[in-house]
Amino acid sequence: TSPLGSQANKDELGRATWTLLHVLAAQFPEEPTRSQQKDVKTLIGLLTRIYPCADCAKHFKEVVRHDPPTVSSGTELQQWMCRVHNVVNRSLDKPTFNCNFVGARWGALDCGEQLACDMTVGRPRK
Ligand code: FAD
């Protein structure tokens, strides 16, 4: 294990967070409710303020300001996530990812039980 604040720690936090964000996007409904759209915007907005690496949060805030989250469908959100991840990749001199393959890299969670992870289940009527 590495001491708090080290690059290794920061990288691990980054990988864990990108996993959360890409899997969330993969699972986001094609026809999200207004409240689901609002929730994702809130989550991203919170990350720009309380992501536990202050420099990263500050940079991500600028990234999001230039390219606000597109939340009208799962596909839109997946592409946005890929785009902003690439902006971060570029700033760190990492290779960019071809967003045509985002669906192959990040899929929805397999929860075993049928529909157990499906965000469209139990959704309120419009
Ligand atoms: P990661 O970038 O963590 O990616 C994990 C995996 O995602 C990759 O192995 C690849 O398979 C896949 N992937 C890569 N790019 C994409 C893409 N565009 N779309 C879909 N999948 C992709 N670190 C800093 O040092 N400074 C920062 O300012 C900084 N800002 C960050 C801001 C945010 C919001 C987040 C979540 C992380 C930030 N990080 C920052 C961490 C950084 O982005 C990486 O997570 C970290 O450097 C580890 O990189 P990695 O090479 O293991 O792969």
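Right, let's walk through the structure included here.

The rules behind these values
Residues numbered from 1 in each chain as written. Predicted model: local features only at pLDDT ≥ 70, side-chain atom pairs only at ≥ 80, totals over all residues. Heavy atoms only, no water. Disulfide = S-S within 2.5 Å. Buried < 20%, exposed > 50% of the residue type's maximum accessible area, 1.4 Å probe, protein only. Helix = DSSP H or I, 4+ residues; strand = E, 2+ residues; numbered from the N terminus. Near = heavy atom within 4 Å. Polar contact = N/O pair within 3.5 Å; in protein donor to acceptor, adjacent residues only side chain to side chain. Areas by Shrake-Rupley, 256 points an atom, 1.4 Å probe, with all protein chains shown as cover. Nonpolar A, V, L, I, M, F, W, Y, C, P; charged D, E, K, R; others polar.

With that settled, the discussion passes to the state of the cysteines. Counted under the stated rule, the structure contains three disulfides. With its sulfur 2.1 Å from that of its partner, C53 forms a disulfide with C56. Sign of the S-S torsion, about 70° for the bond between C53 and C56, identifies this disulfide as right-handed. Take C53: its relative accessible area is 10%, and that puts it in the buried class. In this model C82 forms its disulfide with C99; the gap between the sulfur atoms is 2.0 Å. In this structure the cystine formed by C82 and C99 twists about its S-S bond by roughly -95°; its chirality is therefore left-handed. You can see C82 sitting in helix 4 (residues 74–91) and its partner C99 sitting in the loop between helix 4 and helix 5 (102–105), a full 17 residues away along the chain. Across the protein, the way the bonded cysteines pair up, counted in sequence order, is 1-2, 3-4, 5-6.

So, on to the site of the ligand. For the ligand, the set of nearby residues contains 22 residues, the closest of which are R15, C82, H85, R105 and W106. Interatomic distance of 3.0 Å between a side-chain N/O atom of N86 and a nitrogen atom of the ligand. In the environment of the ligand, an oxygen atom lies 3.0 Å from a nitrogen or oxygen atom belonging to the side chain of K94. About the coverage of the ligand: the protein hides 85% of its 950 Å² of free accessible area. Going through the elements one at a time, helix 1 (7–27), helix 3 (54–66), helix 4 and helix 5 are the ones with two or more residues in the shell around the ligand. Looking at which element gives the most residues to the shell around the ligand, the answer is helix 1, with eight residues. Residues belonging to the shell around the ligand are distributed by class as follows: ten nonpolar, seven polar and five charged.

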